[in-house]
There are 2 protein chains.
Amino acid sequence: MKTALSALGRRTAPPPISWLMKTALARPKLISLAAGFTDNATLPVEFSRQLLNGLLRSPKTGRPALQYGTTAGESHLRQLTAAHLQKLDGGHDRAHAPERTIITGGSQQFLYMMIEALCDEGDIVLVEDPTYFVFLSILQSRGIRARGVKLERDGLDLAHLEKILAGLKKSGELRRLKALYLVSYFQNPTGATTTLAKKRAVLKLLKKYERAAGHPIYLIEDAAYRELRFDHGVDVPTSLTLAGAKTRVIYAGTYSKPFATGVRVGFGILPEPVYTAVLRIKGNHDFGTANLLQHLLARALASGVYDRQVAKARKNYARKAAVMKRALAEHFPANVEIWAAGGGLYFWARLPKGISAGVNSEIFHAALKNDVLYVPGELCYADDSSRRKPANEMRISFGNASMNDIRKGIRRLGAVLRKFI
Amino acid sequence: MKTALSALGRRTAPPPISWLMKTALARPKLISLAAGFTDNATLPVEFSRQLLNGLLRSPKTGRPALQYGTTAGESHLRQLTAAHLQKLDGGHDRAHAPERTIITGGSQQFLYMMIEALCDEGDIVLVEDPTYFVFLSILQSRGIRARGVKLERDGLDLAHLEKILAGLKKSGELRRLKALYLVSYFQNPTGATTTLAKKRAVLKLLKKYERAAGHPIYLIEDAAYRELRFDHGVDVPTSLTLAGAKTRVIYAGTYSKPFATGVRVGFGILPEPVYTAVLRIKGNHDFGTANLLQHLLARALASGVYDRQVAKARKNYARKAAVMKRALAEHFPANVEIWAAGGGLYFWARLPKGISAGVNSEIFHAALKNDVLYVPGELCYADDSSRRKPANEMRISFGNASMNDIRKGIRRLGAVLRKFI
């Protein structure tokens, strides 16, 4: 008898790093520099306790938090979200609209529903090369084609983007192109941050090709790591501040990473008609994210606790990143190129060309044998037959490991690399 | 320029009762007997405060609750869930397996992902006639065909089910049939409960047609209202207790309705290979439901607080249902047939044939004008061209309205009905 599974059910692949995680569990002494977990010690245990106590102290505030809400999300939280983003964007209010904001179960759920609303099987989405691998998994599961655009340390390679767009026009495939996906701050996996100038140029390029596409081509900005900035650089405004954003920018944000990953609340801001489509889709997914979490976040934002928690997390990540940077300088071979991010959770390491750090490489297996785990960079590249996936890269996270484990882990990794380079 | 939306994005219809809800908001004096909200006054505000305080009192228990978890869900909660169900099912342990359990954002999210895993556009799912309208919305949005099977007060009309199966076999469409969906306890919208004998017969009938289908045909049991029993009848075991359940029964359960609808935690138990497919799909949706809510529920279950809360809710709904029953007897015309449920949140009223209580009926509009809202029964019927949708029915909820509003609302509705019948 055949399986009854749908095409999607049959096609959806296991997450690329699930076996990494299983491996980690099977080796209790293993130091994982792989997971994108946030720092355990910084989690707002006491803050959350106080906020929830305040919320649940009286039936007047407690009952609404324990009852169903609306599909779009709690209206106070949507207002606070728009105001919060406006503030981060220097008071700009071009496209920060509570009425086009939807609260979701983490920004991941938003990304999923938004892709459901936009893309059919066979459609094309442009992504950074490399990019966030769970976004690639969404595309893979739905039979959507991803095309990688070269990533530089300040954002996309614009010439490469234009070349791809021109190529799609020429091949007649532009009508299948729906969007370009940017992880714009301290990117997962490279740590790169896109400048405002590049965001503007990307939006302009997409616009230029819309006529040939016959429909809007959206710029999806995923700002998941935005608030985890710890260098002293200036915050870059979002593409919501650009001219034309109101009709073409889809913004994905989250409170989970900066506040607490166990409190899964994210959000999206989008143009019509995508907003209405996503809202209807969410009506079928869950008709609204858990109200208790939304009320908790609204209290955190309104009381200033959220800002205090973010400041605390930033300080802590600054320290951890500094420890990792020093350890990398000490233990890694000099010909390994390090992208040391000014925020987020990841450093990116490039080995000399021709040396593989991929899933099946000697380096990866030697690292495992020495009880240290990283994410092979190749897992972050789209299946795009127009280029080979580089295998000489590593994503190294300082998010969840302790200072000591960061030092020890990098020392072990360095020893492995010295053996093979 | 055309829209860039996907077929799913274009097709997904607005929820059938969204305008009902908007209408309710626009008339502040309106008594809503429409929403499926649970009782506000019974919500476990103080219980939740105490449990969360306990959880967040120390970093040791607080941090894991505020960190990411696994995609399948917190392992303690999965064990407690299997044990809880086993207990409800009289100790039966045929198919109550933590390793095939997935924790989700309400049972709604589970239903969505499970349908994603099973059904392609054009596939067929059998449903009760009438059934839960948000499940119908999932099917509608994905281009899946629903076929209605006549519902009796003790479950499906088995002769009608067999007739439909035989018809599908004859027309060659059986290979498109993937599942049958039952809301088995105090059904939404009719309040009907399916007997174990009928569950067994349904599973047997589905099995009988599998050979012609060429693949498994699953029995989906949605037990959302199971624990909201308030009559003194005996609890019916789930279809998980039946022979063959392990490979053919997909069970959807929830903690949201019995505990708190603002704490959206549901679960599914399913056979391979559907379990693995749903797990992978959830990896793309959100890679795990908010851990804070899962830890809260695990504490509620382990401490006995959950059972105390459910007992409290049952007592309260028993009182509200009794008030509604008396009011209906007093105010509704005698020729209106009432299905008074022994649990759940809804009564079902059938007007004499030929009299419409539908969305565009005089009765519905007169009710609105008199500030009382119900759900027109026709909204709960699948789009199935093989029969006309009955329009003479009403779903009347006692879940959220106060005792006084129930009395007043039914009096108003009764006055309207007397005018038109």
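None of the values given here were measured: they were computed from a predicted structure.

Enquirer: Can you help me understand the sheet that holds strand β7 (residues 218–222) of chain B in this one?
Expert: The strands that make up a sheet are held in pairs by hydrogen bonds between backbone atoms, and each pair lies either parallel or antiparallel. Residue and element names in this part refer to chain B. With mixed pairing, eight strands are arranged side by side in an open sheet as β2-β9-β8-β7-β6-β3-β4-β5. The two strands at the open ends of the sheet, each matched to only one other strand, are β2 (101–104) and β5 (155–156). Direction of pairing for strand β3 (residues 124–129) relative to strand β4 (residues 145–152): parallel, over a ladder of six bridges. Each bridged residue has a counterpart across the sheet, and for Asp129 the counterpart in β4 is Lys150. Helix α5 (residues 75–88) contacts β2 and β9 (266–269) of the sheet and is inclined by roughly 110 degrees relative to β2.

Enquirer: When you look at helix α9 (residues 196–208) of chain B in this model, what are you seeing that I'm missing?
Expert: Helical geometry note: an α-helix holds 3.6 residues per turn, so side chains three or four residues apart project in the same direction. Residue and element names in this part refer to chain B. Between its first and last C-alpha atoms α9 spans 18 Å; for 13 residues at 1.5 Å apiece the expected length is 18 Å, and the two agree. Lys198, Lys199, Val202, Leu203 and Leu206 are the residues of α9 that are buried. Projection of α9 onto a plane perpendicular to its axis shows the buried side chains occupying an angular sector of 135 degrees, all on one side. The inward-facing, buried residues of α9 contact β5, α8 (158–171), β6 (177–183), α10 (210–213), β7 and α11 (245–248).

Enquirer: Hey, could you run me through the sheet that holds strand β14 (residues 393–397) of chain A in this one?
Expert: Residues and elements named next belong to chain A. Taken in spatial order, the four strands of this open sheet run β10-β11-β14-β13, and their pairing is antiparallel. In this open sheet, the two strands that pair with only one neighbour each are β10 (337–339) and β13 (375–376). Pairing between β10 and strand β11 (residues 346–350): three bridges, direction antiparallel. Opposite Trp339, over in β11, you have Trp348 as the bridge partner.

Enquirer: I tried to follow the interface of chain B and chain A on my own but got confused; where do I start?
Expert: How big an interface is tends to be stated in terms of accessible area lost as the parts join. Between chain B and chain A, the contact holds 69 residues from the first and 69 residues from the second. Within the residue set of the side of chain B that touches chain A, elements represented by two or more residues are α1 (7–11), α3 (45–56), α4 (59–66), α6 (106–118), α7 (133–141), α12 (274–285) and α13 (291–303) of chain B. Split by residue class, the side of chain B that touches chain A holds 36 nonpolar, 23 polar and ten charged.

Enquirer: It is not clear to me how α8(B) should be interpreted in this structure. Could you clarify?
Expert: Residue and element names in this part refer to chain B. Relative to the 20 Å expected for 14 residues at 1.5 Å per residue, α8 spans 20 Å between its end C-alpha atoms, a close match to the ideal helical length. When α8 is considered as a whole, its buried residues turn out to be Leu161, Ile164, Leu165 and Leu168. Down the axis of α8, the buried side of the element spans an arc of 95 degrees, and every buried residue falls inside it. Across α8 from its buried face, at more than 90 degrees, point the exposed residues Ala159 and Lys170. On its buried side, α8 packs onto β3, β4, β5, β6 and α9. Positive phi appears at Gly172, one or two residues downstream of α8, with a value of about 80 degrees.

Enquirer: Whenever I open this one, the relation of the copies chain B and chain A confuses me. Can you help?
Expert: One copy of the chain maps onto the other through a rotation about an axis plus a displacement along that axis. If you rotate chain B by 180 degrees and push it 0.0 Å along the axis, it lands on chain A with an RMSD of 0.0 Å. In symmetry terms, the pair is related by a two-fold rotation axis. Of the interface residues in chain B, 100% have counterparts in chain A that sit at the interface too, so the contact is made through matching surfaces.

Enquirer: Explanation requested: the domain arrangement of chain A in the structure shown.
Expert: All names here are of chain A. What the domain assignment lists for chain A is domain 1 (7–43 + 308–420) and domain 2 (67–305). For domain 1 versus domain 2, the distance between C-alpha centres works out to 25 Å. Contact residues are listed per partner, giving 37 residues for domain 1 and 36 residues for domain 2. Elements with a minimum of two residues in the side of domain 1 that touches domain 2: α1 (7–11), α14 (305–331) and β11. Of the residues forming the side of domain 1 that touches domain 2, the biggest block, eight residues, is contributed by α14. A per-class count over the side of domain 1 that touches domain 2 returns 22 nonpolar, eight polar and seven charged.

Enquirer: Any chance you could explain the pairing of strand β3 (residues 124–129) of chain A here in plain terms?
Expert: Remember that side chains alternate between the two faces of the sheet whenever the strand is regular. Residues and elements named next belong to chain A. When you tally the buried positions in β3, you get six out of six residues, the bulk of the element. With four bridges joining them, β3 and strand β6 (residues 177–183) adopt parallel strand pairing. Across the sheet, the residue bridging to Val125 is Ala179, located in β6.

Enquirer: Any chance you could explain the pairing of β2(B) here in plain terms?
Expert: Residues and elements named next belong to chain B. Burial along β2 is two-sided: Thr101 and Ile103 and Ile102 and Thr104, pointing in opposite directions, are all buried. Where β2 lies against β9, four bridges are found, and the strand directions are antiparallel. Considered in β9, the bridge of Thr101 is made with Ile269.

Enquirer: Would you take a moment to explain unusual backbone geometry for this structure?
Expert: Most peptide bonds take the trans configuration, and most residues that are not glycine carry a negative phi. Here the bond from Asp129(A) into Pro130(A) is cis, since omega is 10 degrees, no more than 30 degrees from zero. Tracing the backbone through its elements, the reader meets Pro130(A) in the loop between β3 and α7 (133–141). Here Phe186(B), not a glycine, exhibits a phi torsion of approximately 45 degrees, which is positive. Along the polypeptide, Phe186(B) turns up in the loop between β6 and α9. Of the residues examined, Phe186(B) has 25 C-beta atoms within 10 Å and is grouped as buried. In the Ramachandran plot, Phe287(B) falls in the positive-phi region, its phi being about 35 degrees despite a non-glycine side chain.

Definitions and limits used
- Residues numbered from 1 in each chain as written.
- Chains lettered and ligands numbered in written order.
- Predicted model: local features only at pLDDT ≥ 70, side-chain atom pairs only at ≥ 80, totals over all residues.
- Pairing = 2+ DSSP bridges.
- Helix = DSSP H or I, 4+ residues; strand = E, 2+ residues; numbered from the N terminus.
- Contact = placed C-beta atoms within 7 Å.
- Axes fitted to C-alpha atoms, helices over the stretch in contact; angles between N-to-C directions.
- Expected span 1.5 Å × (residues − 1).
- Buried ≥ 20, exposed ≤ 12 C-beta atoms within 10 Å, placed from the backbone.
- Arc of directions from axis to C-beta.
- Nonpolar A, V, L, I, M, F, W, Y, C, P; charged D, E, K, R; others polar.
- Least-squares fit on C-alpha atoms with pLDDT ≥ 70 in both.
- Domains from an automatic or database assignment.

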